[in-house]
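# Secondary and tertiary structure notes
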Amino acid sequence: MDALHSGLTQIVLEGGNLDGIAAEVARVLDVGVIVTSTDGRERAAAFTDDLRTRLEAQDLVDPTGRLRVERIGGDRGIAVGEGEIRCLRVAAGGADLARLVCLRPDASLSSDDVHALERAAAVAALLISREEAVTAVENKYQGDFLRDLFLRRAGDEDYVAEHADTFGWDLRRPVVVVAAEIDPPGTDEAPVSRAIRRQWQARFSAAWRQVSRGMDEGIPSVDFSSEVVTLLPLAKGDDQPVAGQEVVRRAVNAVSGDRGGGRRPFSVGVSRVASTLEELPEAYAQARRAVEVGRRVNGGRSTTFFDQLGLHRLIALIPDAGELRSFTHDVLGPLADGTHEAADLRETLQVLLDTNFNVAEAARLQFFHYNTMRYRVAKLERLLGPLSSDPHLRLDVAVALRVLEITG
């Protein structure tokens, strides 16, 4: 244990990193070591391929490579063949920072081993706290720069590209802008504090940065407090129906994993392709609109491409929300109200529009008697006008229903 303490102290004093700590613990205790985020995303490791195979055989790794730390946690380890795996919490000042996972393949861990691992976890907490302090400053600086770029006040293109190079970013290629937001807690969830929400956001941002770096070191990924913005480059020979679809899918799947380890659900909006720096501000606006409209129309956990919004895309381009609300009330009248009766009639109206005012088919789809549907059609026409005979009115009504779907 003294040898481990000395080795870890030396690593910290020499400005070492988590990989150094993992390697030292693995060497002294003759174990495999992985340092992960709190939700099991690997940050550093001294772990052989054989040991990883054993973890996969125990169903302790999800398809994206996330270690299922929630299945290992607790005061006692769990058996892996003849050996044992244990997961220790890495914390400092009451903040949950990471997990230290240790696997001995051929024997159980002794109480001395556990004590040594606890000491290693304390040293890892010190190192992570230092790294996070530096990362917070870097992220703030990078975030301010990217915001200035989106607001067209970052400078000329040559300066922007050169400045981005200092961050290790490659902005000289076509990208899609991805805006990702954690979904609001469900109505069945207990309220949480702002501190917990900040922890969720920090973990979410770290996941996007790690996944982005794994795909390409030159990908910018920045935390904007309430959203994470990432500029994903197009794959060579990208021939997807919607540009960027495959690279976005890979990134979203990697960040979400199997949603274990306390990972929060999130929604994503994706812009059109931005081929130049000049196009990035509009691309960011498109991504923002896509995530907002996609969440309203499709609910949470949605990935929405701006080019797939259809009519919603045109509606989202209108900046005056008051004008949109006025349009819906002018066209729909009392059907634009938030009452149960209005919502019920809007549902019938949408079915009639979908069936091109085929009353018999609409009645079948809503499980109404034919005469009941005829009565509803008559009521709708008293409120809105001659829907069954005026195609222009039907178009206005269909658009108004879509506007109401977006604006609420």
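Every chain is numbered independently, its residues counted from 1 as its sequence is written. Only residues with pLDDT of at least 70 are given local features in this predicted model, and only at 80 or more are side-chain atom pairs given and counted; all residues enter the totals for whole chains, interfaces and linings. By convention in this description, side-chain values take in all heavy atoms of the structure and omit both hydrogens and water.

Another aspect to go through is the overall build of the chain. Under the scheme used here, helices are H or I runs from DSSP no shorter than 4 residues and strands are E runs no shorter than 2 residues, and both carry numbers assigned from the N terminus. Looking only at helices and strands, one finds 14 helices and 10 strands in the chain. Note on method: radius of gyration uses C-alpha positions; expected globular size equals 2.2 Å times residues raised to 0.38. Since a compact globule built from 408 residues should have a radius of gyration of about 22 Å, the 27 Å found for the chain marks it as more spread out than a globular shape. Projected onto its principal axes, the C-alpha coordinates of the chain cover approximately 90 × 55 × 40 Å. Here's how the labels work: a residue is buried when its accessible area is under 20% of the maximum for its type, exposed when over 50%, partly exposed in between, all with a 1.4 Å probe on protein chains only. Counting all 408 residues of the chain, 46% fall into the buried class. Long-range contacts, defined as pairs at least 24 residues apart, comprise 60% of the intrachain contacts of the chain with a sequence gap of at least 6. When the accessible surface of the chain is split by element, carbon and sulfur atoms take 49% of a total near 20,400 Å². Here, residues are in contact when the closest pair of their heavy atoms is within 4.5 Å. Accessibility throughout is a Shrake-Rupley quantity obtained with a 1.4 Å probe, and a residue counts as covered only by protein chains that appear here.

Our focus in this paragraph is the sheet that holds strand β9 (residues 266-274). Judged by pairing direction, the sheet is mixed, and its five strands sit side by side in the order β7-β8-β6-β9-β10 without closing on themselves. Single-partner strands in this sheet number two, and they are β7 (221-223) and β10 (303-305). Going from strand to strand, the sheet's axes swing by 20 degrees on average, the running direction of each strand aside. We call two strands paired when DSSP finds no fewer than two bridges between them. Strand direction decides the pairing type here: strand β6 (residues 175-182) and β9, joined by seven bridges, are antiparallel. Bridging from a neighbouring strand, Val176 pairs with Val273 of β9. Structural elements are reduced to axes, namely lines fitted to C-alpha atoms, with helices fitted over the stretch in contact, and the angle between N-to-C directions of any two is expressed from 0 to 180 degrees.

Moving on: the packing of aromatic side chains. Any Phe, Tyr or Trp ring, taking Trp's six-membered ring, that has another such ring centre within 6.5 Å forms a pair; planes under 30 degrees apart are called stacked, those over 60 apart edge-to-face, and the others tilted. For the coordinates displayed, the defined rule picks out 10 aromatic pairs. Taken together, a centroid distance of 5.6 Å and an interplanar angle of 90 degrees make the contact between Tyr141 and Phe167 edge-to-face. Note that Tyr141 is positioned in helix α4 (residues 111-150) and Phe167 in the loop between α5 (157-166) and β6, a separation of 26 residues in sequence. With a relative accessible area of 48%, Tyr141 lands in the partly exposed category. Arranged with centres 4.4 Å apart and planes meeting at 5 degrees, the rings of Phe150 and Tyr284 form a pair that is stacked. Highlighted residues: Phe150 in helix α4 and Tyr284 in helix α8 (residues 280-298), separated in sequence by 134 residues. Classification of Phe150 as buried rests on a relative accessible area of 8%. The class for Tyr284 is buried, based on a relative accessible area of 18%. Following the ring pairs from residue to residue traces out a cluster consisting of Tyr141, Phe145, Phe167 and Trp169.

With eight of eight residues buried, β6 lies mostly within the body of the structure. Side chains Val175, Val177, Ala179 and Glu181 project from β6 onto one buried face, and the interleaved Val176, Val178, Ala180 and Ile182 project onto a second face that is buried too. Across six bridges, β6 lies against strand β8 (residues 228-233) in antiparallel orientation. Of the residues in β8, the one forming a bridge with Val177 is Leu231.

This part covers the sheet that holds strand β4 (residues 83-92). Pairing in this open sheet of five strands is antiparallel, and the strands run β2-β1-β5-β4-β3 from one edge to the other. Across the chains shown, the open sheet's two edge strands, defined by having one partner strand only, are β2 (42-46) and β3 (78-80). Sheet twist, expressed as the average angle between the axes of neighbouring strands with direction ignored, equals 25 degrees. Sheet topology note: the β4/strand β5 (residues 95-104) ladder contains nine bridges and is antiparallel. Bridge pairing in β5 places Glu84 opposite Arg104. Against the sheet, α4 engages β2, β4 and β5, with an angle of about 40 degrees to β4.

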